[in-house]
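Residue-level structural notes
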Amino acid sequence: MEFERLPTVPTADEILDRSFRRAAKKMKEKINKDRANEEFVRAVRSAVHDRLVYIIRGFPEFDELPQFYREMTDILFGIERIRQSLGAVGWAAKHAGMIGGDLAFRARKSKDSLSVRKQAVARIASIVHQIDDDLRFLNEVRNVLRNLPHIEDAFTIVIAGYPNVGKSSFIRRVTGAEPEVASYPFTTKGIIVGHRKIGRERAQFVDTPGILDRPAEERNVIERQALSAIMNVANVVLFIIDPSGHCGYPVEVQRRLLEEVRGLVSVPVIVVANKSDIMDSSEDLRMSTGTGEGVREVLDLLLSYRPKPTRRPPAEAPLQNR
Ligand SMILES: Nc1nc2c(ncn2[C@@H]2O[C@H](COP(=O)(O)OP(=O)(O)O)[C@@H](O)[C@H]2O)c(=O)[nH]1
Ligand SMILES: [Mg+2]
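Residues numbered from 1 in each chain as written. Chains lettered and ligands numbered in written order. Predicted model: local features only at pLDDT ≥ 70, side-chain atom pairs only at ≥ 80, totals over all residues.

**Focus on the nonpolar core**
Across soluble globular proteins, nonpolar side chains have a tendency to be buried as a group. Where we set the bar: As used here, a nonpolar core is made of buried Ala, Val, Leu, Ile, Met, Phe, Trp, Tyr and Cys residues. They are joined through C-beta atoms within 7 Å. Burial is judged by counting the other C-beta atoms within 10 Å of a residue's own C-beta: 20 or more makes it buried, 12 or fewer makes it exposed, and any count in between marks it as partly exposed, with every C-beta position built from the backbone. Note that the domain bounds were set by an automatic or database domain assignment. Here, residue contact means that the backbone-derived C-beta atoms of the two residues sit within 7 Å.
Judged by nonpolar contacts, the single largest core of 76 residues is most densely connected at Val44, Val128, Ile157, Val158 and Ile159. For this core, the domains that each give at least three residues are domain 1 (2-145) and domain 2 (155-303). Those residues within four positions of Val128 in sequence are excluded, and the remaining contacts are Ala12, Ile15, Leu16, Val48, Ala92 and Ala96.

As structure tokens, then:
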């Protein structure tokens, strides 16, 4: 995913310190004082300009992102607000470039190249400081986005249920290789996202964040929206119940959550009772993600909800004129 390579966004002072240090080094290469001052201005100008452009290029084109990222980004930060901040960075890059270029030229012509150099430092610093809030905001965005789980536009099974019912164990069981441990911004707990190849396709299994373990009324607007963004990517939902109550939540409470989850989605919700090794259940579907018993059947049922490959309907025999 693009976000993983999103570089840190430095603060205004970090950008300036680095650029001035680089420029000071460049300046030492010139023996003539005026030339040295001109070189300093040029170097600051290009260091600042290039760094700002690099920041902008690091962010992906939001319109082209998979739906989940678009929605999550919009819920958490507002895509429009991110665009505005990127626009401000673009403005600063342009102006630092123009003013720096202009002052470098003046330093060359001036009798007092030192004062032109000082002027350049002040003006470029002022431009970069003006976007300090934008830079800090973009870095916050970056820190959250790069830790989002990898969720593609693919056949998706969302796993819901209370904590400790066996959601992660299920995903581990069915996705073979070590699945990704990620986190949503509203939980510190690691959530598991896994993929499984089925023929040429991939199915993805998405854990739900620790939003579901609190009553719906206690969730804030962002949590509610985020939950619906996650539920939105589901082609089918697997709701896991722990009839043993070992998870710490009585079965009745778990059933209430099941009803709530049903209300959140328009796709099928499959219910399975887990931990069959320690507790039987009247549920039609039972499994143990501990021993593996029944897991295959649950998986097969889930995979049966894959959209059928669209085959072209057989061409109708042309009507023949007789
Ligand atoms: N006895 C038993 N314990 C299980 C089973 N599945 C999971 N557990 C245990 O339940 C706890 C929570 O499992 P986990 O998969 O992390 O649940 P999650 O919070 O829903 O992701 C762990 O200690 C597991 O070892 C099962 O089928 N049988
Ligand atoms: Mg878990």
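So, next bit.
**Re the environment of Gly290**
Here is the rule we go by: A run of H or I in DSSP becomes a helix once it reaches four residues, and a run of E becomes a strand once it reaches two; helices and strands are each numbered from the N terminus.
Following the sequence through the fold, Gly290 ends up in the loop between β6 (269-273) and α10 (295-303). Exposure remark for Gly290: the 15 C-beta atoms within 10 Å place this residue in the partly exposed category. For Gly290, the residues in contact, after removing those within four places along its chain, are Lys275 and Asp277.

**Here we look at the pairing of strand β1 (residues 155-160)**
Selection rule: Paired strands, as defined in this entry, are two strands with at least two bridges between them according to DSSP.
For β1, a buried count of 5 out of 6 residues is recorded, marking the element as mostly surrounded by other parts of the structure. Here β1 runs beside strand β4 (residues 201-207); their pairing, made up of 5 bridges, is parallel. Bridge assignment links Ile159 to a residue of β4, and that residue is Asp207. By the bridge criterion, 4 bridges tie β1 to strand β5 (residues 236-241) in an arrangement that is parallel. Each residue of the ladder has a partner; that of Ile157, found in β5, is Val236.

**Concerning the sheet that holds β5**
Picture the strands of a sheet paired through backbone hydrogen bonds; they go either parallel or antiparallel. Basically, it comes down to this: In this description, a line fitted to the C-alpha atoms serves as the axis of each element, helices being fitted only across the stretch in contact, and the angle between N-to-C directions of two axes falls anywhere from 0 to 180 degrees.
Ordered by their spatial adjacency, 6 strands build an open sheet running β2-β3-β4-β1-β5-β6, and the pairing between neighbours is mixed. Taken across any chain shown, the strands that pair with only one partner, and hence form the sheet edges, are β2 (180-182) and β6. Averaged over neighbouring strand pairs, the angle between their axes works out to 25° when direction is ignored.

**Notes on the pairing of β5**
Along a regular strand, successive side chains alternate from one face of the sheet to the other. Along β5, 6 of the 6 residues are buried, which leaves the element largely enclosed by surrounding structure. By the alternation rule, side chains of β5 split into Val236, Leu238 and Ile240 and Val237, Phe239 and Ile241, which are all buried. Alignment of β5 against β6, held across 5 bridges, turns out to be parallel. For Phe239, the partnering residue across the bridge sits in β6 and is Val271.

**Observations regarding the site of ligand 1**
Selection rule: By convention here, the C-beta atom is placed from the backbone, and a residue is near a molecule or strand when that atom is within 6 Å of it. Charged means Asp, Glu, Lys or Arg here, nonpolar means Ala, Val, Leu, Ile, Met, Phe, Trp, Tyr, Cys or Pro, and polar covers whatever is left, Gly included.
Contacts to ligand 1 come from 15 residues, most closely from Gly166, Lys167, Ser168, Ser169 and Gly290. Among the residues making up the shell around ligand 1, the classes are represented as 3 nonpolar, 9 polar and 3 charged.

Function-wise, these values are silent; they only describe arrangement.
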